[in-house]
Amino acid sequence: MKLSWWEINSWFTNVDYTIVGSGIVGLHAALRLRERFPQSKILVIEKGPLPQGASTKNAGFACFGSLSEIIDDLNYHTEEEVVSLIQKRWEGLQLLRKRLGDTAIDLKPYGGYEIFLDDDTAGYDNCLRRLPFVNDVLRPLFKADVFARETDRFGFAGTKESLIFNPFEGQIDTGAMMQALLKQAVANDILILNSQTVTACHEKADGVEIALDDFSFFTKKLLFATNGFAGGLTKGAVKPARAQVLITDPIPDLDIKGTFHIDRGYYYFRNVGNRILFGGGRNLNFDGETTTEFGETQLIQNRLEQLLREVILPHTDFTVAHRWSGIMGLGSQKHPVVEQLSAHVYCGVRLGGMGVAIGSKIGQELADLV
Ligand SMILES: Cc1cc2nc3c(=O)[nH]c(=O)nc-3n(C[C@H](O)[C@H](O)[C@H](O)COP(=O)(O)OP(=O)(O)OC[C@H]3O[C@@H](n4cnc5c(N)ncnc54)[C@H](O)[C@@H]3O)c2cc1C
C-alpha cells in the first residue's frame, strides 16, 4: 500500500524510538521511554492484530516460582542467581501493580499451591526436605517464610496428602492487564501499529532503517521486545516454546480458588471465577513444542483433560469451553537477555514462563539501556 504524505509525515518521520513487539515488555519499555523523554516520538510495531506472543495468552499467575521449580533452578544456577531472578520477578510484580493498579489488573491474592502426584515421591520428599532451606534463602527478600506445608482441602485425587502453600502468589486477569497497559500507552502519546511485521533492519551511522512488509522508515533507536521470536536476533540464545492451555465451562459450586503448580511448573491450573484454566504438558514433546507456530495437539490436550478428570476434578463433571496456545521464549539460562546489540539496537527478550511478574521490570531495564 502506498502511504500518503500525511501518513509518512505524522507516523514515520522523526521517529526517536521504535519498539518491536507490543507484549508486556514492549509496552513497559515504551512507557518508561516516555517518562525519560517526554517530547520524543515513540512507535511500537506489532505483527499481530492484538499482541501475538505470550502476553495476552498466558494463565495470569502473578508468581515468582514454585518450590520444586526453585529447587530445580538451584541445580543449574547459583544461589545468588536464583535469588536475584526471584527478586526481579517480585519487584516486577510491584511495578506492574503500581503502574496499572490492582483493580485494573483484577489482582486476587488467593495465594499459590504446589501439588504432587502420587508417583512423584522423590520430588515430594525432596521438596519437603529442602523447604526450610529455601525459606531461609528467601527470608531476606520477603521478611517471612514463603512456603508452608498444608493439608489438601480441595479434594484432589491421586496426589500426596500435603501441598505447599505460598501466600505471596496471586492471580490476575490477563486480558484486563494488557488492555490497561495498551490504554496507558495510547494515553501517553505512544503510537502503536498492529498487523505490521518488522522484516529487516539496517544500521546506519545515526540510526536504523526499518523494513516492514512494503515500507521502510528511519528511527534513531530500535528496541526489540520480541521474546520467543528473538531466536535469530540472539543467535539462538532464545528458543521458542509453545504452551497450550484449556479452560472449562463454568462449574457450579467450584471450591478451588488460587493458582496451582504441578511438576516443577510443567503443569499449572487456577480458577477463573468458577471455571478452571489448565495449561502445560510441554515436557511431553519438547521438540514438537519448540516452535513459533500456534496450535494445539491431541497428545497434550488429552493429557490435560486426563489430569483434570482424574486429579483436579475427580468428582465433578466438566466440559471444555476453549483451547489455545501461546509462544514463550526460553533458553539455557533463566535470566532474560537485556542487551545493547549494536550502536542503535537493543533487546529485552527470553522472558521464560514467568513474564507477567518480571516483564515490567525487563521493559524498564530495556528502556534504561538507551
Ligand atoms: C500459555 C502461556 C501461559 C503463561 N502463563 C504465565 C503465567 O501464568 N504467569 C507468568 O508470569 N507468565 C506466564 N507466561 C509467560 C508470559 O506470558 C511471558 O513471559 C510474557 O508475556 C512475555 O512478554 P513479552 O512482552 O516479552 O513477549 P510477548 O508477549 O511474546 O511479546 C512479543 C511480541 O513481539 C511480537 N513480534 C515478534 N516478532 C515481531 C516482528 N518481527 N515484527 C513485529 N512484531 C513482532 C509478537 O507478535 C508479540 O506480540 C505464560 C505464557 C504462555 C504462552
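Residues numbered from 1 in each chain as written. Predicted model: local features only at pLDDT ≥ 70, side-chain atom pairs only at ≥ 80, totals over all residues. Heavy atoms only, no water.

Time to look at the sheet that holds strand β16 (residues 320-330). Taken in spatial order, the 8 strands make up an open sheet running β5-β6-β4-β13-β14-β15-β12-β16, and their pairing is mixed. The open sheet has two edge strands, β5 (148-151) and β16, and neither has a second partner. With direction set aside, neighbouring strand axes in the sheet form an average angle of 25 degrees. Examined bridge by bridge, strand β12 (residues 239-248) and strand β15 (residues 275-280) share 3 bridges and lie antiparallel to one another. Within β15, the residue paired with I247 across the bridge is L277. (Pairing = 2+ DSSP bridges. Helix = DSSP H or I, 4+ residues; strand = E, 2+ residues; numbered from the N terminus. Axes fitted to C-alpha atoms, helices over the stretch in contact; angles between N-to-C directions.)

As a further point, take the site of the ligand. Contacts to the ligand come from 38 residues, most closely from E46, Q52, S55, F61 and V356. Here an oxygen atom of the ligand sits 2.9 Å away from a polar atom, N or O, in the main chain of V356. Starting from 1,000 Å² of accessible surface for the ligand in isolation, the protein chains cover 97%. Among the elements of the structure, α2 (24-36), β12, β16 and α10 (355-368) are those that each provide at least two residues to the shell around the ligand. (Near = heavy atom within 4 Å. Polar contact = N/O pair within 3.5 Å; in protein donor to acceptor, adjacent residues only side chain to side chain. Areas by Shrake-Rupley, 256 points an atom, 1.4 Å probe, with all protein chains shown as cover.)

The next subject is the side chain of E169. Within the secondary structure, E169 sits in the loop between β6 (162-166) and β7 (170-171). This buried residue, E169, is left without a salt bridge; R270 holds the nearest opposite charge, at 9.4 Å. Those residues in contact with E169 that sit more than four places away from it in its chain are F61, A62, C63, P109, Y110, G111, G112, T259 and H261. (Buried < 20%, exposed > 50% of the residue type's maximum accessible area, 1.4 Å probe, protein only. Lys, Arg positive; Asp, Glu negative; His and termini not counted. Salt bridge = Lys/Arg side-chain N within 4 Å of Asp/Glu carboxyl O. Contact = heavy atoms within 4.5 Å.)

Moving on to the nonpolar core. If you look at the biggest cluster of nonpolar residues, it comprises 55 residues, and the most contacted ones within it are I19, L138, F147 and M177. For this core, the secondary structure elements donating two or more residues are β1 (15-20), α2, β2 (42-45), α3 (67-76), α4 (79-100), α6 (121-142), α7 (174-187) and α10. In this structure, M177 is in contact with I24, L96, L100, A104, I105 and I172, ignoring residues within four places of it in sequence. (Core = buried A, V, L, I, M, F, W, Y, C linked by side-chain atoms within 4.5 Å.)

These values are about where atoms sit, not about what they do.
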